[in-house]
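So you can see what is in the structure, the chains are spelled out below.
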Amino acid sequence: MTFDDEAFSGLRPSEAPTGVIVGALRWDILNEWVRYLNDDKYPDKTAEMSYVWGFINRDSGGDALRCLWSKHESAYPLFAEMVWLLHREFSEGAGTEHHPLYGGLPPVPADILFRKIANSSAVAFRKLTEDQMIEILRKAPSDYAAMQ
């Protein structure tokens with residue numbers, strides 16, 4: 001799935017539908033996670049530097065990430081919901097409810113997921129540092145839960 005589908009090509013990042021943003025990020029992250037898990041260059045999949053070089057530092061999701069951070073600026077509740085969904089699917093193992101491709105995959109540790117999103121976002125959204133993004137991403141799921 002690519003983010004710049006014809007129907008959405010004329011929208012500003014803040015106008016992109018949240019379902020499209022989450023869908024694009026979901027598939028980008030899932031593809032990168034599977035690629036990392038199957039990469040023989042990193043035999044110890046739980047080692048910190050293995051995560052960094054095999055998963056976190058691989059860029060993905062440029063347009064979708066610009067839209068995600070645009071929602072952070074324009075509609076924080078929607079941003080928090082999107083981060084909560086991604087966290088729930090990848091770190092809490094709820095992804096198998098959404099799609100069978102998640103079946104049998106180990107969860108992505110929450111900190112690694114947030115670092116992955118922030119690292120890939122650094123090029124797409126330069127208004128915040130990577131550390132600032134990580135802090136915002138860590139806080140978003142609990143903010144969303146508190147809104148419910």
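In this text, all values refer to a predicted model and were calculated from it rather than measured experimentally. (Residues numbered from 1 in each chain as written. Predicted model: local features only at pLDDT ≥ 70, side-chain atom pairs only at ≥ 80, totals over all residues. Heavy atoms only, no water.)

Colleague: Quick one: what's the story with the pattern of salt bridges, residue by residue and with numbers?
Modeller: All chains considered together, the criterion is met by nine salt bridges. Arg 26 is paired through a salt bridge with Glu 89; the nearest N and O atoms lie 2.6 Å apart. Note that Arg 26 is positioned in helix H1 (residues 18-37) and Glu 89 in helix H4 (residues 76-90), a separation of 63 residues in sequence. For Glu 89, a relative accessible area of 7% translates into the label buried. Its salt-bridge partner being Asp 111, residue Arg 115 comes within 3.7 Å of it at the nearest N-O pair. With a gap of four residues between them, Arg 115 and Asp 111 both fall in helix H6 (residues 110-124), about one helical turn apart. Salt bridges sharing common partners tie together Glu 48, Asp 111, Arg 115, Glu 135 and Arg 138. (Salt bridge = Lys/Arg side-chain N within 4 Å of Asp/Glu carboxyl O. Helix = DSSP H or I, 4+ residues; strand = E, 2+ residues; numbered from the N terminus. Buried < 20%, exposed > 50% of the residue type's maximum accessible area, 1.4 Å probe, protein only.)

Colleague: Got a sec to walk through the packing of H1 against helix H2 (residues 48-56)? Specific residues and values, please.
Modeller: In helix packing, the relevant descriptors are the interaxial angle and the interaxial distance, both defined with respect to the helix axes. The geometry of H1 relative to H2 is characterised by a closest axis approach of 9 Å and an angle of 125° between their N-to-C directions. Taken together, the axis directions place H1 and H2 in an arrangement best described as oblique. Helix-helix and strand crossings are classified by hand; for H1 and H2 the assignment is right-handed. Where H1 approaches H2, its residues Ile 29, Glu 32, Trp 33 and Tyr 36 are matched on the opposing element by Ser 50, Tyr 51, Gly 54 and Phe 55. Residue classes in the contact of H1 with H2 are distributed as five nonpolar, two polar and one charged. (Axes fitted to C-alpha atoms, helices over the stretch in contact; angles between N-to-C directions. Parallel < 35°, antiparallel > 145°, perpendicular 65-115°, else oblique. Left-handed = near helix turned anticlockwise from the far one by under 90°. Contact = heavy atoms within 4.5 Å. Nonpolar A, V, L, I, M, F, W, Y, C, P; charged D, E, K, R; others polar.)

Colleague: An account of the packing of helix H3 (residues 62-74) against H4 is requested, with residue identities and associated values reported.
Modeller: Between H3 and H4, whose axes approach to 6 Å, the crossing angle comes to 140°. Between H3 and H4, the crossing angle belongs to the class labelled oblique. Residues Leu 68, Trp 69, Lys 71, His 72 and Ser 74 of H3 form the contact with H4, whose own contacting residues are Tyr 76, Leu 78, Phe 79, Met 82 and Val 83. Classifying every residue of the contact of H3 with H4 gives seven nonpolar, two polar and one charged.

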